[in-house]
Protein chains: 2
Amino acid sequence: MTSFSFSLQKTDGAARRGRVTTAHGTFETPTFMATATAATVKAMTVDQVRGTGAELAICNTYHLMLRPSAERVAALGGLHTFMNWAGPIVTDSGGFQVMSLASLRKLTEDGVTFQSHVDGSKHNLTPERSMEIQTLLDSDITMALDECTPHPATHEVAAESMRRSMRWAQRCREAFQQREGYGLFGIVQGSTYEDLRAESVRALNDIGFDGFGIGGLAVGEGQEAMFRVLDFTMPLVPTDKPRYLMGVGTPSDIVGSVMRGIDMFDCVMPTRAGRTGRGYTHRGTINIKNARHAADPRPLDERCTCPTCQHYSRAYLHHLFRCEEILGPMLLTQHNLHYYQMLMQSIRGAIEQGAMQAFAAAFAADQTLGDVSPLLETKKG
Amino acid sequence: MTSFSFSLQKTDGAARRGRVTTAHGTFETPTFMATATAATVKAMTVDQVRGTGAELAICNTYHLMLRPSAERVAALGGLHTFMNWAGPIVTDSGGFQVMSLASLRKLTEDGVTFQSHVDGSKHNLTPERSMEIQTLLDSDITMALDECTPHPATHEVAAESMRRSMRWAQRCREAFQQREGYGLFGIVQGSTYEDLRAESVRALNDIGFDGFGIGGLAVGEGQEAMFRVLDFTMPLVPTDKPRYLMGVGTPSDIVGSVMRGIDMFDCVMPTRAGRTGRGYTHRGTINIKNARHAADPRPLDERCTCPTCQHYSRAYLHHLFRCEEILGPMLLTQHNLHYYQMLMQSIRGAIEQGAMQAFAAAFAADQTLGDVSPLLETKKG
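The shown structure was predicted, so the numbers you read here are calculated from the model rather than taken from an experiment. (Residues numbered from 1 in each chain as written. Chains lettered and ligands numbered in written order. Predicted model: local features only at pLDDT ≥ 70, side-chain atom pairs only at ≥ 80, totals over all residues.)

A word on the overall build of chain A. A tally of regular secondary structure across chain A gives 15 helices and 17 strands. Taking 381 residues into account, the globule formula puts the C-alpha radius of gyration at 21 Å, and chain A, at 21 Å, falls close to it. Principal-axis analysis of the C-alpha atoms places the extent of chain A at approximately 75 × 45 × 45 Å. Scored against the burial criterion, the 381 residues of chain A give a buried share of 54%. Considering only contacts in chain A between residues 6 or more positions apart, those separated by 24 or more positions represent 68%. (Helix = DSSP H or I, 4+ residues; strand = E, 2+ residues; numbered from the N terminus. Rg over C-alpha atoms; globule rule 2.2 N^0.38 Å. Buried ≥ 20, exposed ≤ 12 C-beta atoms within 10 Å, placed from the backbone. Contact = placed C-beta atoms within 7 Å.)

Following this line, the structure appears as structure tokens:
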């Protein structure tokens, strides 16, 4: 049997190059997870997801407890079999989605009761039930149930919220069913307050976890505030465990957060953007639905090696989106996930070479270039 | 350079096993085309389409002349480059779609004027313009512009409509730009009238075409009437050219039509069904959204070798459709196209072995079986 473990290969300033081993294989860090909320990466087959270079998928407790239910997923062999993803899987605890999606939420010390946003059915989510669900789902990395403190929050509200999350973290630790190769992450809260973040890290350390989620960020505070929180929080987090910045973020967020010691990321942006016509390039994002792309024979990003950029023009992608053809979101999502995975690969390479600062500078300079110039019109006559 | 040609390998009764050679490669007949109306097979990548065994794609003049325009496709290198389909492509002439989709249609001896169903813009489609568009699209098999006579039609209306289509066929022949490896098909009309179908075949024969479309069927007349028309029409059609039954059909339609001498088929049914939750099995079709599949660990069709059936349960497909996840239509379309291609492969094998009658009988018997029985509930306790 394989133990759940993290090995730190190399550091470059605060940036870390590592490897996490789980019951369903390893993944290299810094890593960007493939978002598979309802046990599918939207508009992508599993083979296509793997083809982007993704090693780790993240599914959601809230969505799956409602449909098709954790018990059904377990009866069907767990998430890996259900969705045909052989590699490691993280599951979010459901706390964030209950607060953002469900109606008639009631938060007590025990947990949270709510009505499903799908069919109005009533549900109860406690730390113990969240652990049970994530075990039924068979996720390799279980996240503790917490409350994602909204932003902005007063110090008093943030403290109360964080301390309840820490009591829940203790209950999660006790309820978590230890299995070889499976890990449980605690989640650091405390809003933008240095003393509360420090208190949260100490509390989680005292309980003992296999990794640290950094929660309550990317909730409207802005990149500057987020980086400031990481600046005073990350030096307090033990170096021998993986650190996961939940729900982050833009390519720029990721580069900056890696330089502050983050190992793991997840975000719906590349998949959501792929469905709405926004494509990532090394020069920033473009909207493929814009008329300037209608006759452009060039690929989305001339530097990109993904199947979309190898085989299709901007004009074709534009055509697919104009005609609302499903292949548009499919090809653009594939490109966007490939872009994110190439970014992570470049970051890992830069850390290995001790060149993270230079990489970050070049990355930032490229992002300000703006899109390539339109081609001249075809010569008349 | 490759000549456009048809070689007849084997016959079994009226059923024919053949091969068509085009500028972009060969395809084996009887064949079922992948429907790529707007230069994409809906919800499928080109690799996935090829993976089903499809050798031939069909695109649509009407849709592409409106978006992105034939001139733009030509500027981007033609359809093969535009949509990344290296194999042979058929284009429909646009006549059928003008009459079924466009508004303010006006049909004259010259052609048809209409307003786009997309943006209301005014367009004109004549035999000459249809040939020009299909040349710009670079389709390997160009279809003559005709009027698909609605059903039912009086003998007088059907005769008038068919004779205009024959005059248009003559204009198409004259306007068609001959290129090595490219072919032009005339289309037999005449509704359900034996004398008119015979007159139409003679007219097309006199003009001279590389293949014969059989048009004006699968428009509401029913399978029995369609087979009756094929019974008296196909013996009149020359045996040295491929015969294409346009817009047909169900698996049962295809088996019966092959036995009446048809070589080529196209139909939106497997792709459309794939997007709406209907799956083809050797025991008939099932609706994957039905609650009976919600916990079923079995594949859609236990005989099927497609990636969907190899890797996913009915329960997972049901979950995807219930959650309106794009992967549902993707996986089910893949399965349905694979089902159709496996059917065509079996048909070709049966003809080669002189066993088409036995195959058709076994096929029909299987189709009446109905879906597999539900599994018993999991034992309690």
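Let us now look at the domain arrangement of chain A. Residues and elements named next belong to chain A. Segmentation of chain A into domains returns domain 1 (5-266) and domain 2 (273-367). Between domain 1 and domain 2, the C-alpha centre-to-centre distance is 27 Å. With 24 residues of domain 1 in contact, the opposing surface of domain 2 contributes 23 residues. Of all the secondary structure elements, the ones that give two or more residues to the side of domain 1 that touches domain 2 are β1 (5-12), β2 (15-22), β4 (31-32), α1 (46-51) and α10 (251-258). Among the elements that make up the side of domain 1 that touches domain 2, the one with the highest residue count is α10 (five residues). Partitioned by chemical class, the residues of the side of domain 1 that touches domain 2 number 13 nonpolar, six polar and five charged. (Domains from an automatic or database assignment. Nonpolar A, V, L, I, M, F, W, Y, C, P; charged D, E, K, R; others polar.)

Now for the pairing of strand β6 (residues 57-60) of chain B. Residues and elements named next belong to chain B. Taking every second residue as pointing to the same face, both faces of β6 are buried, with Ala 57 and Cys 59 on one and Ile 58 and Asn 60 on the other. Where strand β5 (residues 34-35) meets β6, two bridges bridge the pair, whose relative direction is parallel. Bridge assignment links Ala 34 to a residue of β6, and that residue is Ala 57. A crossover connection joins β5 to the parallel β6 through helix α1 (residues 46-51); in handedness this β-α-β unit is right-handed. In this structure, β6 lies alongside strand β7 (residues 89-92), joined through four bridges in parallel fashion. Bridge pairing in β7 links Asn 60 to Asp 92. (Pairing = 2+ DSSP bridges. Right-handed = clockwise from strand over helix to strand, strands pointing away.)

All names here are of chain B. Taken in spatial order, the nine strands line up as β4-β15-β14-β13-β12-β11-β7-β6-β5 in an open sheet, and their pairing is parallel. Each edge of the sheet is formed by a strand with only one pairing partner; in this case those strands are β4 (31-32) and β5. With two bridges joining them, β7 and strand β11 (residues 141-143) adopt parallel strand pairing. Bridge pairing in β11 places Thr 91 opposite Thr 142.

A word on the interface of chain B and chain A. Opposite the 32 residues of chain B that make contact, chain A presents 32 residues. The set of elements that each furnish at least two residues to the side of chain B that touches chain A consists of α3 (70-75), α4 (79-83), α13 (314-322) and α14 (327-352) of chain B. With five residues, α13 of chain B is the largest single contributor of residues to the side of chain B that touches chain A. Classifying every residue of the side of chain B that touches chain A by side-chain character gives 20 nonpolar, seven polar and five charged.

All names here are of chain A. The geometry of helix α7 (residues 155-175) relative to helix α8 (residues 194-207) is characterised by a closest axis approach of 10 Å and an angle of 10° between their N-to-C directions. In terms of orientation, α7 lies roughly parallel with respect to α8. Contacts from Ala 158, Ala 159, Met 162, Met 166, Ala 169, Gln 170 and Arg 173 in α7 reach Leu 196, Ser 200, Ala 203, Leu 204 and Ile 207 in α8. Within the contact of α7 with α8, the residues separate by chemical class into nine nonpolar, two polar and one charged. (Axes fitted to C-alpha atoms, helices over the stretch in contact; angles between N-to-C directions. Parallel < 35°, antiparallel > 145°, perpendicular 65-115°, else oblique.)

All right, on to the relation of the copies chain B and chain A then. What relates the two chain copies is a rotation about an axis together with a slide along it. Once chain B is rotated about the relating axis by 180° and shifted along it by 0.0 Å, it coincides with chain A to within an RMSD of 0.0 Å. Read as a symmetry element, the transformation amounts to a two-fold axis. Relative to the rotation axis, the closest C-alpha in chain B is found at Ile 326 of chain B, a distance of 4.0 Å. Both copies present the same face, since 100% of the interface residues in chain B are matched by interface residues at the equivalent positions in chain A. (Least-squares fit on C-alpha atoms with pLDDT ≥ 70 in both.)

A few words now on helix α6 (residues 127-137) of chain B. Note that an α-helix has 3.6 residues per turn; residues three or four places apart therefore point the same way. Looking only at α6 of chain B, the buried set comprises Pro 127, Ser 130, Met 131, Ile 133, Gln 134, Leu 136 and Leu 137 of chain B. After α6 of chain B finishes, the residue Asp 138 of chain B shows a positive phi value of roughly 70°.

Mean pLDDT over chain A: 96, with 98% of residues reaching 70 or higher. This prediction of the complex comes with two scores: 0.97 for pTM and 0.97 for ipTM. (pLDDT = per-residue confidence, 0-100.)

The subject of this paragraph is unusual backbone geometry. Of the consecutive residues Arg 67 of chain A and Pro 68 of chain A, the connecting peptide bond is found in the cis state with omega at 5°. Relative to the assigned elements, Pro 68 of chain A resides in the loop between α2 (61-66) and α3 (70-75). Each neighbour pair has its own omega, and for Val 248 of chain B with Gly 249 of chain B the value is 5°, a cis peptide bond. Secondary-structure assignment places Gly 249 of chain B in the loop between β14 (243-245) and α10 (251-258). The phi dihedral of Asn 84 of chain A is positive, around 65°, even though this residue is not glycine. With respect to the helices and strands, the residue Asn 84 of chain A is situated in the loop between α4 (79-83) and β7 (89-92). Of note, Ala 218 of chain A is a non-glycine position whose phi angle comes to about 55°, a positive value. Examined against the element boundaries, Ala 218 of chain A turns out to sit in the loop between β13 (211-214) and α9 (223-233).

Our focus in this paragraph is the packing of helix α11 (residues 269-276) of chain A against helix α14 (residues 327-352) of chain A. All names here are of chain A. Between α11 and α14, the least distance of the axes is 7 Å, while the angle of their chain directions is 150°. It follows from the interaxial angle that α11 and α14 lie roughly antiparallel. In the packing of α11 onto α14, the handedness of the crossing is right-handed. Between α11 and α14, the residues in contact are Pro 270, Thr 271, Ala 273, Gly 274 and Arg 275 and Pro 329, Leu 332, Thr 333, Asn 336, Leu 337, Tyr 339 and Tyr 340, respectively. Of the residues assigned to the contact of α11 with α14, the class counts are seven nonpolar, four polar and one charged. (Left-handed = near helix turned anticlockwise from the far one by under 90°.)

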